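# A look at the structure
Chain by chain, the residues run as shown.
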Amino acid sequence: MFKVNEANWDRIARVVLGIVLLYLGLGGVVAGGMGIVLDIFGAIFLLTGLVGICPLYMPFKFSTKK
Amino acid sequence: MENNFFERLKQNPRPVVVDFWAPWCGPCRAIEPVMKKLSAEYAGRVDVWKVNADEQPDLLRSLRIYGIPTLVAYHNGQEVARRTGAASPAALLPLFEAALSGDKPVRSGPAALDRLLRLTAGAALGILAIQGHFSGLYLFVAGLGLVVAFSAVYDRCPIYRALSSRLKALLHKEPANHPGA
């Protein structure tokens, strides 16, 4: 349905970044509203990294995958 | 007995799919109709041998077969594919194709990078949930971690395979003929 538009390095970077952000948010390193923002961004990075599709790339027909 | 089996395999003019079974094994009986259909379809191109696991324990041990039914595809006497457990016709077809062509079947399921990413993400979510003592939101995170980790290895899980093939068979079941309807 949707074409994968992330290269392997992109996916690995997103998953690592997602885990770090979730750790900062959910792990209680950053508390309050900022923590929630980090949670949301972490979840988005993790999800887009796992599925290999970035919806933000789509309207611009951009892709890191060659 | 063992040497005899391998000798026969080498000398057989056609590729062979060997069905290791036992009379008491329910899943073995379950795949019997599928195997009959496939062996009829591939008649003259691929031979199907049945080996009673109870009668040849040494052979099974030497082939490292620890569960039945196990189907092993041989091309020119060399093993090219094997599958353990009950399966749908669609899942058994690649065995016959592999025996015929001698090419190893393409393994379906997630790619290596996908598996690695999913396992890593699942483990990270699990660790976060442990840190949060599984309370409230963290219980959800733990569940999510389990699902993500399982999605990395679902195709290797015999329970999932058995359940999904049953479910597929149920969904694709042709409507029963009602006499007199």
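Conventions we followed
- Residues numbered from 1 in each chain as written.
- Chains lettered and ligands numbered in written order.
- Predicted model: local features only at pLDDT ≥ 70, side-chain atom pairs only at ≥ 80, totals over all residues.
- Heavy atoms only, no water.
- Disulfide = S-S within 2.5 Å.
- Buried < 20%, exposed > 50% of the residue type's maximum accessible area, 1.4 Å probe, protein only.
- Phe/Tyr/Trp six-rings, centres within 6.5 Å; stacked < 30°, edge-to-face > 60°.
- Helix = DSSP H or I, 4+ residues; strand = E, 2+ residues; numbered from the N terminus.
- Lys NZ or Arg CZ within 6 Å of the ring centre and 35° of its normal.
- Contact = heavy atoms within 4.5 Å.
- Buried area = accessible area lost by both parts, 1.4 Å probe.
- Salt bridge = Lys/Arg side-chain N within 4 Å of Asp/Glu carboxyl O.
- Polar contact = N/O pair within 3.5 Å; in protein donor to acceptor, adjacent residues only side chain to side chain.
- Pairing = 2+ DSSP bridges.
- Axes fitted to C-alpha atoms, helices over the stretch in contact; angles between N-to-C directions.
- Expected span 1.5 Å × (residues − 1).
- Bend = angle between axes of the 7 residues up to and from the residue.

What follows deals with the state of the cysteines. Residues and elements named next belong to chain B. Taken as a whole and judged by the stated rule, the model has one disulfide over all chains. Linked covalently through their sulfurs, Cys25 and Cys28 form a disulfide whose S-S length is 2.1 Å. Measuring handedness by torsion sign, the sulfur bridge of Cys25 and Cys28 sits at about 85° and is right-handed. Neither residue differs from the other here; Cys25 and Cys28 are each classed as buried.

In this section: the packing of aromatic side chains. Geometrically, a pair of aromatic rings is defined through the distance of the ring centres and the angle of the planes. Residue and element names in this part refer to chain B. Taken as a whole, this structure holds eight aromatic pairs over all chains when the rule is applied. Between Phe150 and Tyr160, the ring centres sit 6.0 Å apart and the planes meet at 70°, which makes this aromatic pair edge-to-face. Separated by 10 residues along the polypeptide, Phe150 in helix α6 (residues 137–153) and Tyr160 in helix α7 (residues 158–171) bring together distant segments of the chain. By relative accessible area, which is 34% here, Tyr160 ends up partly exposed. For the ring pair Tyr154 and Tyr160, a centre distance of 5.3 Å and an interplane angle of 80° mean the geometry is edge-to-face. Of the aromatic side chains, those joined through ring pairs into one cluster are Phe5, Phe6, Phe20, Trp49 and Tyr74. A cation over an aromatic ring shows up here: Arg8 above the ring of Trp49, its NZ or CZ 4.3 Å from the ring centre. Seen from the ring of Trp21, Lys50 lies directly overhead, with NZ or CZ sitting 4.9 Å from the centre.

Contacts between the two partners involve 12 residues from chain A and, on the opposite side, 14 residues from chain B. Buried area between chain A and chain B, both sides added, is near 1,100 Å², and the carbon and sulfur share of it is 78%. On the chain A side of the contact with chain B, A:Arg11, A:Leu26 and A:Leu50 bury the most area, a combined 50% of that side's loss. Across the chain A-chain B interface, the total number found is one salt bridge. The shortest N-O distance in the salt bridge between A:Arg11 and B:Asp114 comes to 2.5 Å. Here chain A is connected to chain B by two residue pairs in polar contact (both at pLDDT 80 or more). Taken together, the elements giving at least two residues each to the side of chain A that touches chain B come down to α1 (8–26) and α2 (32–51) of chain A. Ranked by residues supplied to the side of chain A that touches chain B, first place goes to α1(A) with eight residues.

Hydrogen bonds between backbone groups are what pair the strands of a sheet, and the pairing can be parallel or antiparallel. Residue and element names in this part refer to chain B. With respect to topology, four strands assemble into an open sheet ordered β2-β1-β3-β4, the strand pairing being mixed. In the strand order of this sheet, the two ends are held by β2 (47–52) and β4 (78–84), each with one partner. If you compare each strand with its neighbour and ignore which way they point, the axes differ by 20° on average. On top of the sheet, helix α4 (residues 89–101) reaches β1 (16–21), β2, β3 (70–75) and β4; it is set at about 25° to β3, its chief contact.

Another point: helix α2 (residues 26–41) of chain B. Residues and elements named next belong to chain B. Counted at 1.5 Å a residue, the expected span for α2 with its 16 residues is 22 Å, and the 24 Å between its end C-alpha atoms agrees. In the structure, α2 departs most strongly from a straight axis at Glu32, where the bend amounts to approximately 35° and where the proline Pro33 lies between one and four residues downstream. In this structure, the buried residues of α2 make contact with β1, β2, β3 and α4.

We now examine the pairing of β4(B). Residue and element names in this part refer to chain B. Bridge analysis of β3 against β4 gives six bridges, and the strand direction is antiparallel. Bridging across to β4, Val72 finds its partner in Arg82. Where β3 folds back on β4, the antiparallel hairpin that results is connected by two residues, among which Asn76 adopts a positive phi of roughly 50°.

What follows deals with the side chain of A:Arg14. Within the element layout of this structure, A:Arg14 appears in helix α1. In this view, A:Arg14 contacts A:Glu6, A:Phe45, A:Leu46, A:Thr48, A:Gly49, A:Cys54 and A:Tyr57; residues no more than four positions away in its chain are not counted.

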